[in-house]
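# A structural walkthrough
Listed below are the residues making up each chain.
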Amino acid sequence: MPTVRLKPGHVQPVWAGHPWVYAQAVDAVDRGTTAGDEVSVIDPRGNFLGRGFFSPGSAIPVRLLVRDATTQIDADFFRRRFERAQELRASLGLPSEGPDRTTGFRVVHAEGDGVPGLIVDRYGDVLAVQFGTIGMKRREAMILEALSSALGARAIVDRTSHQTAKLEGFEPASGVVHGKPVEAFELSERGLRFRIPLELGQKTGFYFDQRSLRARVEHLARGQRVLDTYAFVGAFAIAAARGGAREVVAVDESAAAIDVGVACAAMNGVGDRVRFVKADARKELADARGAFDLVIADPPRLAPTRGAREQALLAYSKLAENACGAVRPGGLIVLCSCSAAVDLTALTRALATGAARASVQATVLERWFQGPDHPVPAAFGEGLYLKALIARIEPR
């Protein structure tokens, strides 16, 4: 098996359990090693650290799947990992029935479930898969078969990012790649129903990582006037309306997402209390000027890489400034970041800076993260990508 040798001074994180080998940590790669090959990672003295798949040219050339030299990474390996992932979700009460019926959730979360480079979301009896590395893509057939066997899917839909595929050097598939034809993802979340057409191209189709925060927003929204920006299909907005908000405005730039949101709001009996607006969320926030009691700002990832972090922090600060200005004195804002490069401290600092520019005081009441169906290894700080602050906004 080809080997990847690390430089001195770069061994400790990997030894402690971090699943990524960064490019700057690599001292040498055996000649002839090709994209997607299984490789052994060794320290400068030749001690074995683990095995994973090789991604040449990537900022993360190896993501470790196993820490021993004997486990075979084959179809049985993937099936066992998927079964273990499903058992974890079952212990979390997913899926669930009854008034809070939930049939949509993340069932395989890459590093958190021991399969870096692979994400799988469940929509009832349909799975959506994203291949994040060429190593996983090269093993697509065995992975799809193992998913079908372990998780009992009627169909599997490939929702791999074209950008990721290009960076990793493979051609992404699209649509149903295993099982019966599917036109839309259908799911329930805490008793709310959603139908997402396959052509609506955000992530795998839905943002399961915010399920817990949506429940909190529903509780906070009673009697409030709510603005949901970057709303996508309005999951926050619909939850707020069910929670008793007197009015909800949901803003997104995508006409297709707006159309789906309108249909989902009607499906859940709150169409008369949610007004969808196709617009730039930044402009809507800037124009609101204290008109709302609760403002949700959950933008797409602003820092896709560490190099984009500083520019992203400026954008988060400006977003916080506009959100602070959009709520009445004593109102609440929910500020979110799904950028792994922006940690909780940095997001909180951006909120403080934005509040100062808006001439208000922001007091953080609650801090939220991705839900437990998005587990994170203790040694993998980058895995805690989603952060959210709930803050009260008052005059200075």
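Treat the numbers as computed from the prediction; the structure is a model and nothing was measured.

## Structural notes on the overall build of the protein
- A tally of helices and strands in the protein yields 11 helices and 20 strands.
- In terms of C-alpha radius of gyration, the protein reaches 22 Å, essentially the compact-globule figure of 21 Å for 396 residues.
- Along the first, second and third principal axes, the C-alpha atoms of the protein reach 65 × 45 × 35 Å.
- In the protein, which comprises 396 residues, the proportion classed as buried is 55%.
- When contacts within the protein are restricted to residue pairs at least 6 apart in sequence, long-range pairs at least 24 apart make up 63% of them.
- The average position of the 50 basic charges and that of the 45 acidic charges among the side chains of the protein differ by 4 Å.

## A look at the pattern of salt bridges
- This model, assessed by the stated rule, comprises 25 salt bridges.
- For Asp37, the salt bridge goes to Arg138, with nearest N and O atoms at 3.0 Å. Highlighted residues: Asp37 in the loop between β3 (26-29) and β4 (38-42) and Arg138 in helix α3 (residues 134-138), separated in sequence by 101 residues.
- Close ionic contact of Asp280 with Arg282 constitutes a salt bridge, the shortest N to O distance being 3.0 Å.
- Bridged by salt links that share partners, the residues Asp76, Arg79 and Glu83 form one connected network.

## Some words on the nonpolar core
- Among the nonpolar cores identified, the biggest contains 47 residues, and Phe194, Ile196, Phe206 and Val274 are the most heavily contacted of them.
- For Ile196, the contacting residues outside a window of four places in its chain are Ala184, Phe185, Leu187, Gly205, Phe206, Val233 and Val260.
- The next biggest cluster of nonpolar side chains, apart from the first, holds 33 residues, and it includes Leu313, Val342, Ala346 and Ala362.

## Considering the sheet that holds strand β20 (residues 387-395)
- Strands sit in the order β16-β15-β14-β17-β18-β20-β19 across an open sheet of seven strands; the sheet is mixed. In this open sheet, the two strands that pair with only one neighbour each are β16 (274-278) and β19 (360-369). When the angles between neighbouring strand axes are averaged without regard to direction, this sheet yields 15°.
- Pairing analysis gives five bridges linking strand β14 (residues 225-229) to strand β15 (residues 247-252), with the strands arranged parallel. Directly across from Val226, in β15, lies its bridge partner Val248.
- Against the sheet, helix α7 (residues 235-242) touches β14, β15, β16 and β17 (292-297), its axis set at about 175° to β15.

## Digging into the pairing of strand β9 (residues 126-131)
- Of all six residues making up β9, six are buried, and the element is well covered by its neighbours.
- What you see with β9 is no split at all: Val126, Ala128 and Gln130 on one side and Leu127, Val129 and Phe131 on the other are buried throughout.
- Relative to β9, strand β8 (residues 118-123) is paired through six bridges, and the arrangement is antiparallel. Opposite Asp121, over in β9, you have Ala128 as the bridge partner.
- Linking β8 back to β9 in an antiparallel pair, the connection comprises two residues, with Gly124 at a positive phi of about 65°.
- The sheet contact formed by β9 and strand β10 (residues 155-158) spans four bridges and is parallel. Among the inter-strand pairings, Leu127 is bridged to a residue of β10, identified as Ile156.

## Structural notes on the packing of aromatic side chains
- Applying the stated rule across the entire model yields nine aromatic pairs.
- Measuring from ring centre to ring centre gives 5.3 Å for Phe77 and Phe78, while their planes differ by 80°; the resulting arrangement is edge-to-face. You'll find Phe77 and Phe78 in the same group, each marked buried.
- Of the aromatic side chains, those joined through ring pairs into one cluster are Tyr123, Phe185, Phe194, Phe206 and Phe208.
- Over the aromatic face of Phe292 sits the side chain of Arg225, whose NZ or CZ is 4.4 Å from the ring centroid.

## Brief notes about the sheet that holds β4
- Read from one edge of the open sheet, six strands run β2-β6-β5-β4-β1-β3, paired in mixed fashion. Both edges of this open sheet fall to β2 (20-21) and β3, since each of them pairs with a single strand only.
- In the sheet, strand β5 (residues 48-54) pairs with strand β6 (residues 62-66) via four bridges, with the strands oriented antiparallel. Within β6, the position partnered with Arg51 by the bridge is Val66.
- Seen against the sheet, helix α2 (residues 75-91) touches β5 and β6 and runs at an angle of roughly 80° to β6.

## Quick word on the packing of helix α9 (residues 281-288) against helix α10 (residues 309-326)
- As a packed pair, α9 and α10 sit with axes 7 Å apart at the nearest point and diverge in direction by 40°. Classified by the angle between their axes, α9 and α10 sit oblique to one another. Regarding α9 and α10, the two cross each other, and that crossing is left-handed. Residues Arg282, Leu285, Ala286 and Ala288 of α9 touch α10, and the partners they reach there are Leu319, Asn322, Ala323 and Ala326.

## With respect to α10
- Across its 18 residues, α10 extends 25 Å between first and last C-alpha, which sits within 8% of the 26 Å expected from 1.5 Å per residue.
- Three or more residues of α10 are buried, namely Ala312, Leu313, Tyr316, Ser317, Leu319, Ala320, Glu321, Asn322, Ala323, Cys324 and Ala326.
- Each element contacted by the buried residues of α10 is listed here: α9, β17, β18 (327-337), α11 (344-357), β19 and β20.

## Quick look at the packing of helix α6 (residues 211-220) against α7
- As a packed pair, α6 and α7 sit with axes 7 Å apart at the nearest point and diverge in direction by 35°. Both α6 and α7 take part in a crossing whose hand is right-handed. Contact residues: α6 offers Leu213, Arg214, Val217 and Glu218, while α7 offers Ala235, Phe236, Ala239, Ala240 and Arg242.
- Residue composition of the contact of α6 with α7, grouped by class: six nonpolar, no polar and three charged.

Calculation criteria
- Residues numbered from 1 in each chain as written.
- Predicted model: local features only at pLDDT ≥ 70, side-chain atom pairs only at ≥ 80, totals over all residues.
- Heavy atoms only, no water.
- Helix = DSSP H or I, 4+ residues; strand = E, 2+ residues; numbered from the N terminus.
- Rg over C-alpha atoms; globule rule 2.2 N^0.38 Å.
- Buried < 20%, exposed > 50% of the residue type's maximum accessible area, 1.4 Å probe, protein only.
- Contact = heavy atoms within 4.5 Å.
- Lys, Arg positive; Asp, Glu negative; His and termini not counted.
- Charge placed at Lys NZ, Arg CZ, Asp CG, Glu CD.
- Salt bridge = Lys/Arg side-chain N within 4 Å of Asp/Glu carboxyl O.
- Core = buried A, V, L, I, M, F, W, Y, C linked by side-chain atoms within 4.5 Å.
- Pairing = 2+ DSSP bridges.
- Axes fitted to C-alpha atoms, helices over the stretch in contact; angles between N-to-C directions.
- Phe/Tyr/Trp six-rings, centres within 6.5 Å; stacked < 30°, edge-to-face > 60°.
- Lys NZ or Arg CZ within 6 Å of the ring centre and 35° of its normal.
- Parallel < 35°, antiparallel > 145°, perpendicular 65-115°, else oblique.
- Left-handed = near helix turned anticlockwise from the far one by under 90°.
- Expected span 1.5 Å × (residues − 1).
- Nonpolar A, V, L, I, M, F, W, Y, C, P; charged D, E, K, R; others polar.

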